[in-house]
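Breakdown of the fold
The residues making up each chain are set out below.
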Amino acid sequence: MRNIRIKALYAIFASVAIYGFTMGLSRPLLALILEARGIDRTFIGLNAAMPAIGVLLSAPFIPMFVEKLGMRRFLLVCLALDLCVLLQYPRFDHLYVWYALSMMIGVTTNCLLVTSETWINEIVDDAGRGRLMGIYNALIAATMALGPLVIPATGIEGWTPFLVGAFFIAMAAIPLFWTGSHYLSPHEESSFNIATFMFVAPTLVAAVLLFAWKETAGLSLMPVYGIRSGLSEAEAALMLTVSGLGGVSLAYPVGWLADRFNRYWILVLCGLIALTGAISLPYIIGVGVLLWILLFIWGGVFAGLYTVVLTIVGQRFRGRELVTANISIGVLWGIGSLTGPSITGIAMDLWDPQGFPLVFIAASLLFILFATGRWLLSSDKSAVL
């Protein structure tokens, strides 16, 4: 049994690593290509928002495909589609075709993420759930950090960066051949659905939306913000890498804290640090070491935010409700991905380039006020979600 569990974890981690790598490479790569061609930043933000439509369209169908194919075969199908879609970008060099391809990337990566999160939550126990989810999110952050490193090595023109991404996607499929198929365990129907999850766990909903805004708008528009603030192309891409390294380094410590302290207030603490980082960013964008320290901590607290959300979900929900909660998180991520880059792109057009940190100041502050208010107004503090 232990050997089967270890093999399953390898397969899950490989799949989610490709989710991170694909997002880490494709979003800044496409944004920088469009920026170099003089495309308006509003349209760059719209392209970055297209995967969210794929997320929203695919989420309701994931349980059906997982039940029919099993998690292993479904993940293999997702990886194959992800590889094929990525290689279409240099073939079809047209903005509106790229919108469709970006939407398909959203379908494949959402299926990878939701399926892997459901699988891992079914095979771990509660005692170390926070730490294991910390490792899980550290892996996402690490591969997101590795993705942008392809850009300085290959440049942004031609097939090369896309071929590098396709190679790593193919490598991720190998561990899936070492493990058997895992099907959803039979459980009672969920007491809530995707639409009503926001009433079951509104604070988790707000936390996921904040995380999605940072991940998608940050990946797509942080390099543009860096360039507009006077950094070189390589330095702008490095901003994402340093932020990702913070996620790698701090996700596990936050998970450790989530196994020992009140998880709700750890969410609020992450929001406070995110707010502080957003306020500080415009003042130290050109101050070398201070910028990298800030981005390291900023990336870490956002990765920690998602770690705590997944830990709470795994703790509070079981069976079909766990699956429904994970799918709901995927849909919420899609909503945040759809609105975050678009609003941030518009904000950067209106306040060039400080619209970027202004969006995160507003979002972080709203999250802190909402989460704190719900805690103060709740009659049962232990049941607040």
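Residues numbered from 1 in each chain as written. Predicted model: local features only at pLDDT ≥ 70, side-chain atom pairs only at ≥ 80, totals over all residues. Heavy atoms only, no water.

Description of the overall build of the protein
If you tally the helices and strands in the protein, you get 13 helices and 0 strands. When the helices and strands of the protein are listed from N to C terminus, the series reads α-α-α-α-α-α-α-α-α-α-α-α-α. For a compact globule of 385 residues, the expected C-alpha radius of gyration is about 21 Å, and the protein comes in at 19 Å, within 12% of that figure. The principal-axis extents of the C-alpha atoms in the protein amount to approximately 55 × 50 × 35 Å. Counting the 385 residues in the protein, one finds 59% classified as buried. Counting contacts in the protein only where the partners sit at least 6 residues apart, residues at least 24 apart contribute 86% of the total. Mean positive and mean negative side-chain charge positions of the protein (21 and 20 charges, respectively) differ by 8 Å. (Helix = DSSP H or I, 4+ residues; strand = E, 2+ residues; numbered from the N terminus. Rg over C-alpha atoms; globule rule 2.2 N^0.38 Å. Buried < 20%, exposed > 50% of the residue type's maximum accessible area, 1.4 Å probe, protein only. Contact = heavy atoms within 4.5 Å. Lys, Arg positive; Asp, Glu negative; His and termini not counted. Charge placed at Lys NZ, Arg CZ, Asp CG, Glu CD.)

Structural notes on the nonpolar core
Core analysis: the largest hydrophobic core is formed by 124 residues, its most contacted members being I120, Y136, L267, W298, L305 and F356. Counting residues per element, this core draws most heavily on helix 1 (residues 2-36), at 17 residues. In contact with F356, not counting residues within four places along its chain, are A217, G218, L221, M222, Y225, L281, W298, T344 and M348. (Core = buried A, V, L, I, M, F, W, Y, C linked by side-chain atoms within 4.5 Å.)

Re the side chain of T118
Note on placement: T118 falls in helix 4 (residues 95-123). By relative accessible area, T118 is classed as buried at 3%. Only 2.9 Å separates the side chain of T118 from the backbone oxygen of V114, close enough to count as a polar contact. (Polar contact = N/O pair within 3.5 Å; in protein donor to acceptor, adjacent residues only side chain to side chain.)

Some details on the packing of aromatic side chains
Centre-to-centre distance and the angle between the planes together describe a pair of aromatic rings. Enumeration over the complete set of coordinates arrives at 15 aromatic pairs. Look at Y264 and W265: their rings are 6.2 Å apart centre to centre, the planes differ by 80 degrees, and that puts the pair in the edge-to-face class. Look at Y264 and you get buried, because its relative accessible area is 6%. Ring plane angle 85 degrees and centroid distance 5.6 Å describe the contact between W298 and F302, whose orientation is recorded as edge-to-face. On the criterion of helical spacing, the pair formed by W298 and F302 is a turn pair, its members being 4 residues apart in helix 11 (residues 289-316). As far as burial versus exposure is concerned, W298 and F302 are alike and both buried. (Phe/Tyr/Trp six-rings, centres within 6.5 Å; stacked < 30°, edge-to-face > 60°.)

Things to note about empty space enclosed by the protein
Summed over all chains, the structure comprises 4 cavities of 30 Å³ or more. The volume enclosed by the largest cavity comes to roughly 190 Å³. Per-element tally for the lining of the largest cavity: the top contributor is helix 8 (residues 202-228), with 6 residues. Broken down by class, the residue content of the lining of the largest cavity amounts to 9 nonpolar, 6 polar and 2 charged. Lining the second largest cavity are 13 residues; nearest its centre among them are R27, L30, N47, A48 and S102. (1 Å grid on protein atoms, 1.4 Å probe; cavity = no way out; pocket = protein on both sides within 12 Å on 5 of 7 lines; lining within 4 Å. Points joined across faces, edges and corners; volume = space filled by probe spheres on them. Nonpolar A, V, L, I, M, F, W, Y, C, P; charged D, E, K, R; others polar.)

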